[in-house]
Every structure is written in structure tokens, then in C-alpha cells.
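# Chains, contacts and geometry: an overview
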Amino acid sequence: MNSVVLVVIGLAIILAGYVLYSRYLSQRVYRLSPSFLTPSREFNDGVDYVPTNKFVLWGHHFTSVAGAAPIVGPAVAVIWGWLPAFLWVTVGTVFFAGMHDLGALWASVRNKGRSIGSLSGSYIGGRGRNLFLVVIFLLLLMVNAVFAVVISNLLVAQPTAVIPVWGAIVVAVLIGQAIYRMRWNLPLVSVVGVVALYSLILLGDRFPIELPDTILGLSAGAFWIIVLFLYAGVASLLPVWMLLQPRDYINGLQLFIGLGILYAAILISSPTIVAPAYNADVPEGTPGLVPLLFVTIACGAISGFHGMVSSGTSSKQLEKETDARFVGYFGAVGEGMLALGTIIVVTAGFETLAAWEETYSAFNEGGVVTFVSSGGSILENGLGLPVSLSATILATMAVLFAATTMDTSVRLQRYIVEEIGALLGRRLNTTVATVIVVLSGLALAFGADVSGSGQGGMIIWPLFGTTNQLLAALTLSIITVMLVRKRRPYLPVLLPLLFVLVMTVYALLVQVVSFYNEGNWLLLVLDIVILVAAVWVVTEAAMAIARARNEAPEPDDDELAEANTRDETSG
Amino acid sequence: MRPPADGDGRAGLVALGRRVAAGLEEFYAAPYRRSFARARRDQDDLFMMMVLSEALGLPNPAGFYTMELLPVVYDNFHDWHRRMGMERSPLDDISCC
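Residues numbered from 1 in each chain as written. Chains lettered and ligands numbered in written order. Predicted model: local features only at pLDDT ≥ 70, side-chain atom pairs only at ≥ 80, totals over all residues.

As recorded by an unreviewed UniProt entry, chain B carries the name Cory-CC-star protein and is attributed to Pseudonocardia nematodicida.

The name given to chain A in an unreviewed UniProt entry is Carbon starvation protein A, and the organism recorded there is Pseudonocardia nematodicida. UniProt's Sequence similarities (unreviewed entry) comment on chain A is quoted here verbatim: "Belongs to the peptide transporter carbon starvation (CstA) (TC 2.A.114) family." Word for word, the UniProt comment on chain A under Subcellular location (unreviewed entry) is "Cell membrane". (UniProt positions renumbered as here; feature names shortened; annotations may be inferred.)

What follows is the structure in C-alpha cells.
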């Protein structure tokens, strides 16, 4: 099958979802109102609450939610053939991710811009807040381990990316200095930064840095993982203006450039998809498609992490409630496009079916490294760039996405550790909390794999997916409770919620068995902890929804009436 | 649509450039505004403590100069002592609540 046909069909489904389904959601279900006084206007303080142009806000929202995860997930999941992954990404984006992201934004906007953590306290009940802390702690722990492994795999597989990846840190520091000390204007800085980054890519392509097989008694991959955690620990302690802010910014620009390059190359070279639509002959040891597909692809189909972004920052900057449709739903569309592009690359960037099968020789083989190598050949055919340079560009891009996610997540987890410390009555200082975060991430990266090679992260990828879905389920329960209280149609939220919960619990049970058979005790324990949290989410959500059904309905038009009186008084 | 005259076109381009620059500016600054505000508040809190150090019983060699600053910091005093975990004003001669 020609990949352009698939791209067109996929984009048509996703865009139809935006045009039709998001309109249904915003008119009938969430009933977004242009006259509703949003938190950004009500509490405008110039800091957190700032009314922001919807295109700019979409820019941050999209770059905060999209990262390496929509690349890694599909790149692993095409082992079952391209069709299941394609369907889950397109249908998931339309009915799950878009609905969830828009819903989280709406829920937060209607509650004075409060975050999902705080909403779970008031809508799920007293234990909701602790439940949220448990889920988010597990999620961030896995993000750190998994992304460290993704980056180290890429650095080993693509030694030409070493110079641009570490050089990008220097570029970011210089950009921070140029802006805050030398007062350069931003468009100039942006151009200089992007040019510097791409010069580093050219340089790295000429001078690959390959580590020896063992360094200080560690394998090259394990060495990179330790270096990465040291870096992430230090980076999270620096003032944000020095490193994280410019790094985020340049990565945001990169995301748009990368997405453009990727789609341009696919459209121009229009490669043929060599992978089977449905792989009936999966390698031995591959877990069943149901339920594992639905947790392997989390970002790109539905991801709880988006709810954190929606309710954490975006909801406080939304100028009009009706902008939520563009910012929330179209943000998910952008991420779906990234996942769709990845599916095309890892199924069409091969010469023959045999070559594809050789790469996907076992579950968790392939992944992001395949994305880089097969994407390299597509870029070569489409844009005429040499294959090694193309691979370097993609590897650098993927590492930068993963690294910003890791930077942010180490910092966020430090706050969570401090908060848990406070709950236990201990005040942890920043350094101690950071050390705890770094050590627990390292322990998981190394301890998860019985062979001790530091490759544990990829084994926990499906577990990361389940936790991410669990967080999404928590958000969806809050939205359902709100809709039930307002006596609005709630099935568009409840049905995906049930689907996600069933798949998550099912996947956890399947994995309990496989971890037990492998004798992987650390992951077995982790799996059981997540399972307990999942059962906890199910119970609390069911109780909260049942309670909401029995309560008197919330007057639905109160906000409208309020808006009217305001208009009268002001006019 | 009529083709814009040259002068119009240039003005339009400049305006577009300004809007793009403003958008980029927002894109750069917004995600970190909260961190900056918090850092500034922490610094102001430390400054407040230095200004009030004589009154709090800490010898301050620059006390003669910081005294002049007292009227400037009075406005923020109430928020400051509440942030520092004291429900009521810790100083007898400043009664804000």
C-alpha cells in the first residue's frame, strides 16, 4: 500500500474528528460558552492567569504535550502490523485523546483553573487527592527511567547524534544568556539558535563519538544512563532561565520543523508500506494485541499526562471558553499526526518485508532506534539528504524531545517527593529530594532488567502506558461526575473511560503473569502496586458517579444567567 | 482583494512581524512566569527580613540605612508575616492585623 494514501486517510479521519466530533462535544456535552468568564480574565494577575491568544496558547499546549512518547509507542506497536496501530491512533485521537484533553481543559476552566490533582480531591472525595499523588508519583518514576533508556539507546545506535545532543545544552545556555544578559531580541535569537543547532548536527555527522564497549566496567548504554541522570539532577536544580526555559523554547521550534520535514519527506518520496497490515506471524514471546496495544500506544491515542498540562497551565491562560476546542482538541490532533507519521516511517522505511521482520524480531525490538534508521532512508528519498545526516537529524530530534520530558519530569517529581515528605511530617530540602528522585530512577532503570544492563526502561514501557492511562481514567471520572451532576450526555466520556479501565486492568493482569514467569520481582511488585491503584481508581470513580446520580441536579444554566446579569450591570 | 500599494505592504509586513515577535515572546515567557514570580517573591522575602532585622533582634550593621526603607516595605508586611507562618504580626510596633 502506498503510504501517501494512508496519510491522507489518517489525516482525513483525524480532521473530520476535529470538525465534526469536537463541535458536538463543545456544543452538546461541554457546552462551551463564549460569554463565560474564564479564570484568565477573572483572576488576571500577569503571572499564572494571563489571557492568551489561542494560536500562541495552542503552541505551548502542543509542545508541552508532544514529545518522544508518541514516537516510541507506535514504533514498538507496529509489531502487530500497521493496521491495529493506525486504527488505535486515529480513532483514539478522535474519540479518546481529543475528548479527554478538551474535557480536562473545560473541567479546569469551570473550576477556577484548578488542577486535576485538586479537582480529584473535590469530585472523587477525600482520598482522591492521595490517589492522585500515588498515580502521578508512579508515572513520573517510570517516565524518568524509560526516557533515560530511550536516549541512551539512541546515543549508542546513532553515535553521530552525540555532539548535537550535548551541544544543544550549550546552545540553550547561550540563548538564555543572550536573552537575559545581552537583551537580544527573540526572533534573532530563535534564528541563531536553530542555525547553531543544525550546524551542530552537521558537525556531529562528520565526527561520530562512539564509546568503547565498556567504560569503568559499565556497558556504553549503562554509562550514558548514569550520565543522563546526573545531568537531569543538576539541570533541575539550576534556575530555569539558564537552561530549561531556552531549551524548551528551541525544542518547541524543533517540533514544528521536525513535523514539517517528516511529512514533506513522506509526501514527496511516497514510500510503499512493506509491513503487513495485520501481522499474523508475530515473533515468539510477543504479548497479545488485546490488551497490550492499548497501553503500548498511550500518547498519540490517549494520555493522562495531557490532563496535567490542560489543567495545570493552559486552563489559566484560556481567553475564551470556546477557544478550548482549538487548544485542547487540536492539541491532541497535532500529537495524533506525530504518531501517524511515526507509523508510516517504521512500516514504510524498509526495502523489503524481510528487512522489516528482521528489525521487528521480538517485542520491544525496533522502537525509536528503528524510527531513526527507517526515517533516515525516507528523508534521503524525499528530500535528498544523505542517509546518515537524515538519521542524525531524527536522532537528535528524538533525543531532545525525550530529554526535555526527562528534565521536566525530574523537576516535577522533586516537588511530589517534597509533598509526600511533608505528608509524612518530614521537610526535605531540594538537594535531598533531587537525590531521591535520581536514585529511584536509576534503580528502576537498572533493577527492572534482571540482566542488569540498564535496559530495564524498555521493559517497563507498557507499564508506563498503563499508568498514563490510569491518570487519564482519573481525569475522565472527574469529567463524568461533572457531566452527571449537570445532567448532560455523559456517555461520550463514560464509554472511553470504561474501555481504558478495562484495557489497563487487563494489561496489568497479563503482565503480572509474565513478570512472575520471568522472575522479575521488582516489576512484579511495581505492577501489583499499579494494579492496586487501578482498582482504587475504579472503586472511587464508580462511587463518585453513583453519588452524583443520586444528588439533585446542578442548575445547568447558572453560568449563563450569571453572564447575563453581568452584561446587564456593565451595560 | 486589491493588491496592496507598496507603502501599505511594508506597513502590513512590519505589523505582521511585530505580531509574530509578540507571539514568540509569549511562547518563550509564559510557561515559566510562575517560576520567576516565585523566585522574585523569595528574594523579596529575604530582603524584607534584612530590612526588619533590627526590629526582630538581629544586629544589622546597615540598620541606619535600612530604616529608611521601612515605609516602602510596610505595604507588603502583612503578606510577608503570614507567608512566614505567623498568623499575627510578630512586631509590637507594626500592627497590621
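A few words now on the overall build of chain B. Scanning chain B for helices and strands turns up 5 helices and 0 strands. In sequence order, the secondary structure elements of chain B are arranged as α-α-α-α-α. For 97 residues, the compact-globule formula gives about 13 Å, and the C-alpha radius of gyration of chain B, at 24 Å, lies well above that figure. Taking the principal axes of the C-alpha coordinates as reference, chain B spans close to 75 × 25 × 20 Å. Considering chain B as a whole, with its 97 residues, one finds that 10% of them fall into the buried category. (Helix = DSSP H or I, 4+ residues; strand = E, 2+ residues; numbered from the N terminus. Rg over C-alpha atoms; globule rule 2.2 N^0.38 Å. Buried ≥ 20, exposed ≤ 12 C-beta atoms within 10 Å, placed from the backbone.)

To continue, consider helix H1 (residues 3–29) of chain A. Residue and element names in this part refer to chain A. If you look at H1, its biggest bend is around 35 degrees, right at Tyr18. Burial in H1 covers these residues: Ser3, Leu6, Val7, Gly10, Ile14, Gly17, Ser22, Leu25, Ser26 and Val29. Contacts made by the buried residues of H1 are with helix H5 (82–109), helix H11 (244–269), helix H14 (324–348), helix H20 (461–485) and helix H21 (491–518). At the C-terminal side of H1, Arg31 shows a positive phi close to 45 degrees. (Bend = angle between axes of the 7 residues up to and from the residue. Contact = placed C-beta atoms within 7 Å.)

The subject of this paragraph is the packing of helix H6 (residues 116–124) of chain A against helix H7 (residues 128–157) of chain A. How two helices pack is summed up by the angle between their axes together with the distance between the axes. Residue and element names in this part refer to chain A. For the pair H6 and H7, the least separation of the axes is 7 Å and the interaxial angle reads 145 degrees. With respect to the hand of their crossing, H6 and H7 are arranged in right-handed fashion. Residue-level inspection shows Ile116, Gly117, Ser120, Gly121 and Ile124 of H6 in contact with H7, the latter providing Gly128, Arg129, Leu131 and Phe132. Residues that form the contact of H6 with H7 fall into these classes: 4 nonpolar, 4 polar and 1 charged. (Axes fitted to C-alpha atoms, helices over the stretch in contact; angles between N-to-C directions. Left-handed = near helix turned anticlockwise from the far one by under 90°. Nonpolar A, V, L, I, M, F, W, Y, C, P; charged D, E, K, R; others polar.)

The next point concerns unusual backbone geometry. Residue and element names in this part refer to chain A. Note that the residue after Val290, namely Pro291, is joined by a cis bond; omega there is 5 degrees. Within the chain, Arg31 stands out as a residue other than glycine whose phi angle is a positive 45 degrees. Looking at where Arg31 falls in the secondary structure, it is placed in the loop between H1 and helix H2 (39–42).

Taken together, the 18 residues of chain A in the interface contact 14 residues of chain B. Listing elements by their share of the side of chain A that touches chain B, those giving two or more residues are helix H3 (54–65), helix H9 (186–206), H11 and helix H13 (304–317) of chain A. Per-element tally for the side of chain A that touches chain B: the top contributor is H11 of chain A, with 4 residues. Grouping the constituent residues of the side of chain A that touches chain B by class yields 7 nonpolar, 9 polar and 2 charged.

With that out of the way, let us pick up the UniProt feature "domain: CstA N-terminal" (unreviewed entry) in chain A. In this structure's numbering, the residues bearing the UniProt feature "domain: CstA N-terminal" (unreviewed entry) are residues 2–347 and 356–507 of chain A. From the first C-alpha to the last, residues 2–347 of chain A spans 11 Å; its make-up is 72% helix and 1% strand.

Moving on to H3 of chain A. An ideal rise of 1.5 Å per residue puts 16 Å on 12 residues; H3 of chain A measures up with 16 Å between its terminal C-alpha atoms. Considered for burial, the residues of H3 of chain A that qualify are Leu57, Gly59, His60, His61, Phe62, Thr63, Ser64 and Val65 of chain A. (Expected span 1.5 Å × (residues − 1).)

To continue, consider the confidence of the model for chain A. Residue and element names in this part refer to chain A. In this model, chain A carries an average pLDDT of 89, and 96% of its residues clear a pLDDT of 70 or more. When mean pLDDT is taken per element in chain A, H5 scores highest with 97 and helix H23 (residues 558–570) scores lowest with 49. Low pLDDT, under 50, characterises residues 567–571; the stretch is placed with 0 contacts to residues that sit more than four places away or in other chains. (pLDDT = per-residue confidence, 0-100.)

With that settled, consider the nonpolar core. Residues and elements named next belong to chain A. Membership of the largest hydrophobic core comes to 197 residues, with the highest contact counts inside it found for Leu154, Val368, Ala398 and Ile460. By residue number, the principal contributor to this core is H7, which donates 19 residues. Ignoring anything within four residues of it in the chain, the contact list for Ile460 reads Met142, Ala145, Val146, Leu444, Ala448 and Leu523. (Core = buried A, V, L, I, M, F, W, Y, C linked by C-beta atoms within 7 Å.)

Moving on, we come to the packing of helix H17 (residues 387–423) of chain A against helix H18 (residues 430–447) of chain A. All names here are of chain A. Close contact between H17 and H18 brings their axes to 9 Å; oriented N to C, the two are set at 115 degrees. In terms of orientation, H17 and H18 fall into the roughly perpendicular class. Our pair here, H17 against H18, has a crossing hand that is right-handed. Two secondary-structure elements touch here, H17 through Val410, Gln413, Arg414, Val417 and Glu418 and H18 through Thr430, Ala433, Thr434, Ile436 and Val437. Here the contact of H17 with H18 is composed, by residue class, of 5 nonpolar, 3 polar and 2 charged. (Parallel < 35°, antiparallel > 145°, perpendicular 65-115°, else oblique.)

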